[in-house]
Amino acid sequence: MRIKDLHVLPKFSDGWSYLYVEHCRIDQEAQAIAIHDETGKVPVPCAKLALLMLGPGVSITHAAISVLADHGCLVVWCGEEGVRFYASGMGETRSAVNFLHQARMWAHEKLRMKVIRRFYQLRFAEELDPELTLRQIRGMEGVRVRETYARASRETGVPWTGRSYHRGNWSDANPVNRALSAANSCLYGICHAAIVSAGFSPALGFIHTGKMLSFVYDVADLYKTEVTIPVAFQAAAAETDSLERQVRMTCRDQFVATRILKRIIPDIKTVLMVHKKDVSCDSVLFDQDAAAPGALWDPEEGEVEGGRIHPLGTYEAGEDCGYHDS
Amino acid sequence: MVIMILERVTPGLRGELTRWFLEPKAGVFVGRISAMVRDKLWDKACRRARDGGCLMIHASDNEQGFRIRSWGKTARAIKDFEGLFLVRV
């Protein structure tokens, strides 16, 4: 059963952040999805879920992916090596209004710079001097991040020698670096899910550039010093056998404590200067009716009504031109 | 709000719980009680369930917005996925 009216889906901010599973089979089960393993089956309320992380040994069926995509749940295959493969449906809106706004801000050099400054401004407690160059701001940001690492190291007693990991060999990295990778993997996942869910593009990054997930990195960087760095050091200090599991559990607690799911989309709207009045009634219409026709772009009028045949040449308002619904 | 579901317990225990709760369906109890009273009633139910099973659901300040506890022989088990609680059927 496909979702016709997207308004039945819970808001992203009311959902659950992530579910991580491994060594199981995920299949459609009585109009929903369930996890099957040797101990039985566990139905999953996928409409509530922002992110499903599939670890090693998971097989998932076509029908299950279809249900997940329909409900705007981001599916991430994540291996121990930190290799990730993402799959996402259309998100939880059918309107392109946010994406078009993001593209406009991205394409205009002055506006892009303004957005970048707003991104950095969110990370600093004090007002950034408008005279600062981007290079100077990046320098200040580097200092801020280094101080966060040093403070977390002092507080937990875990020695810190710098961020290093070998992309080729996961287990080579020291525990705190492995913990950081696992925590960031969770954070990227929920930021990506939020971006898709609100109808923005993960690729149009402002600070980061060149990758399909550049905007995900922009957004995730807002929360690293607050969430993932402390979580990684705490987990490394706990010295458990299952470090990654410990990291993800601490991540969930920290996501709840910092109310991060409630903050991501409003933060994105703040930096991109999306104003409430900009949200057209189209988004309401499209979300209720997938087949509702969109507008056509016009260089003079901006938009003209779509879904009907326009007569050749000009016509006057109110004149019956004999066009009909297509 | 607190919901308790008791399976195969004595009429005595069910009767006692109705001092605090409504019982809209056999074995299903619902009410609004303080956290301390809730925990005391949970302990009492578990102590006296014998071969039966108890389930409690109450609002909580976690990600799911509620917490589920189970004790004894309940038809379904609660499974913990790194802090997210789902039900094994």
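Trainee: Looking at this structure, how should I read the environment of Ala237 of chain A?
Mentor: All names here are of chain A. Along the polypeptide, Ala237 turns up in helix α7 (residues 224-238). The partly exposed category is assigned to Ala237, whose relative accessible area is 35%. Each C-alpha atom, one on Ala237 and one on Gln28, is 40 Å from the other, the two residues being 209 residues apart in sequence. In this view, Ala237 contacts Thr156 and Val158; residues no more than four positions away in its chain are not counted.

Trainee: What's the story with the packing of aromatic side chains in this structure? I'm lost.
Mentor: Aromatic ring pairs are described here by two measures, namely the spacing of the ring centres and the angle between the planes. Residues and elements named next belong to chain A. Under the counting rule described, the total for this entry stands at eight aromatic pairs over all chains. Measuring from ring centre to ring centre gives 6.4 Å for Tyr149 and Phe233, while their planes differ by 50°; the resulting arrangement is tilted. Residue Tyr149 is located in helix α4 (residues 134-156), and its partner Phe233 is located in helix α7; the two are separated by 84 residues in the primary sequence. Of the residues examined, Tyr149 reaches a relative accessible area of 12% and is grouped as buried. Through a chain of ring-to-ring contacts, the aromatic side chains of Phe119, Phe200, Phe206 and Phe215 assemble into a single cluster. A cation over an aromatic ring shows up here: Arg248 above the ring of Tyr20, its NZ or CZ 3.4 Å from the ring centre.

Trainee: Sorry if this is basic, but what is going on with the side chain of Asp267 of chain A here?
Mentor: All names here are of chain A. Residue position: Asp267 is located in helix α9 (residues 260-271). It is Arg263 that comes nearest to the buried, bridge-free Asp267 among opposite-charge side chains, at 4.4 Å. Residues within four places of Asp267 in sequence aside, it is in contact with Leu122, Leu222 and Tyr223.

Trainee: What is the right way to look at the pairing of strand β7 (residues 74-78) of chain A in this model?
Mentor: Here is the key point about a regular strand: its side chains alternate between the two faces of the sheet. Residues and elements named next belong to chain A. Most of β7 is tucked away: four of the five residues are buried. Relative to β7, strand β5 (residues 49-54) runs parallel, the two being bridged by four bridges. Within the sheet, the bridge partner assigned to Leu52 lies in β7 and is Val75. Note that β7 and strand β8 (residues 84-87) share four bridges and pair antiparallel. Within β8, the position partnered with Val75 by the bridge is Ala87.

Trainee: When you look at the interface of chain A and chain B in this model, what are you seeing that I'm missing?
Mentor: How big an interface is tends to be stated in terms of accessible area lost as the parts join. At the interface, 24 residues of chain A touch 14 residues of chain B. Together chain A and chain B conceal approximately 1,600 Å² of surface at their shared face, both sides included; 58% is due to carbon and sulfur atoms. At the junction of chain A with chain B, the criterion picks out four salt bridges. Between Arg252 of chain A and Glu63 of chain B there is a salt bridge, and its shortest N-O distance comes to 2.7 Å. Inspection of the chain A/chain B interface yields nine residue pairs in polar contact (both at pLDDT 80 or more). Class assignment of the residues belonging to the side of chain A that touches chain B gives a composition of 14 nonpolar, four polar and six charged.

Trainee: Could you clarify how one ought to interpret the side chain of Glu92 of chain A in this entry?
Mentor: Of note, Glu92 of chain A is situated in the loop between β8 and α2 (97-107). The residues contacting Glu92 of chain A, other than those within four sequence positions of it, are Leu6, Leu9, Pro10, His71, Gly72, Val196, Ser197 and Asp287 of chain A.

Trainee: Just checking my understanding: could you explain the packing of helix α5 (residues 175-197) of chain A against α7 of chain A for this structure?
Mentor: Helices that pack against each other are described as a pair by the angle of their axes relative to one another and the distance between those axes. Residue and element names in this part refer to chain A. Where α5 contacts α7, the two axes come as close as 8 Å, and the packing angle between them is 140°. Taken as axis vectors, α5 and α7 run oblique relative to one another. When the axes of α5 and α7 are compared, the crossing they make is right-handed. Here Pro175, Val176, Ala179, Leu180, Ala183, Asn184, Leu187 and Tyr188 of α5 come into contact with α7, specifically with Lys224, Thr228, Ile229, Val231, Ala232, Phe233 and Ala236. Looking at the contact of α5 with α7 residue by residue, the classes come out as twelve nonpolar, two polar and one charged.

Trainee: Got a minute to help me understand the confidence of the model for chain A in this structure?
Mentor: Interpretation of this model should avoid reading the predicted coordinates in detail wherever pLDDT is low. Residue-level pLDDT values for chain A average 87, and 91% of them are 70 or greater. When the criterion is pLDDT under 50, residues 318-326 of chain A qualifies, and its contacts beyond four places in sequence or with other chains add up to eleven contacts.

Trainee: Teacher, can you tell me more about the layout of surface pockets here?
Mentor: Unoccupied space between atoms shows up once a probe the size of one water molecule is rolled over them. Residue and element names in this part refer to chain A. Each pocket or cavity is described by its volume, and for the second largest pocket that value is around 800 Å³. Lining the second largest pocket are 27 residues; nearest its centre among them are Lys11, Glu92, Ser197, Ala198 and Lys269. Where the lining of the second largest pocket is concerned, the elements lending two or more residues are α2, α9 and α10 (281-288). If you tally residues by element for the lining of the second largest pocket, the top one is α9, at five residues. Looking at side-chain class alone, the lining of the second largest pocket contains twelve nonpolar, nine polar and six charged residues.

Trainee: Where do I start with the sheet that holds strand β4 (residues 40-44) of chain A in this structure?
Mentor: Within a sheet, neighbouring strands are paired by backbone hydrogen bonds and run either parallel or antiparallel to one another. All names here are of chain A. If you walk across this open sheet you meet the four strands as β4-β3-β2-β6, and the pairing is mixed. Only two strands of the sheet have a single partner each, and these edge strands are β4 and β6 (58-60). Strand after strand, the sheet turns through a mean of 25° between neighbouring axes, direction not considered. Relative to β6, strand β2 (residues 24-29) is paired through three bridges, and the arrangement is parallel. Residue pairing for β6: Cys24 is matched across the bridge by Val58. Lying over the sheet, helix α1 (residues 62-70) contacts β2, β3 (32-37) and β6, oriented at roughly 70° with respect to β2.

Reading guide: rules and limits
Residues numbered from 1 in each chain as written. Chains lettered and ligands numbered in written order. Predicted model: local features only at pLDDT ≥ 70, side-chain atom pairs only at ≥ 80, totals over all residues. Heavy atoms only, no water. Helix = DSSP H or I, 4+ residues; strand = E, 2+ residues; numbered from the N terminus. Buried < 20%, exposed > 50% of the residue type's maximum accessible area, 1.4 Å probe, protein only. Contact = heavy atoms within 4.5 Å. Phe/Tyr/Trp six-rings, centres within 6.5 Å; stacked < 30°, edge-to-face > 60°. Lys NZ or Arg CZ within 6 Å of the ring centre and 35° of its normal. Lys, Arg positive; Asp, Glu negative; His and termini not counted. Salt bridge = Lys/Arg side-chain N within 4 Å of Asp/Glu carboxyl O. Pairing = 2+ DSSP bridges. Buried area = accessible area lost by both parts, 1.4 Å probe. Polar contact = N/O pair within 3.5 Å; in protein donor to acceptor, adjacent residues only side chain to side chain. Nonpolar A, V, L, I, M, F, W, Y, C, P; charged D, E, K, R; others polar. Axes fitted to C-alpha atoms, helices over the stretch in contact; angles between N-to-C directions. Parallel < 35°, antiparallel > 145°, perpendicular 65-115°, else oblique. Left-handed = near helix turned anticlockwise from the far one by under 90°. pLDDT = per-residue confidence, 0-100. 1 Å grid on protein atoms, 1.4 Å probe; cavity = no way out; pocket = protein on both sides within 12 Å on 5 of 7 lines; lining within 4 Å. Points joined across faces, edges and corners; volume = space filled by probe spheres on them.

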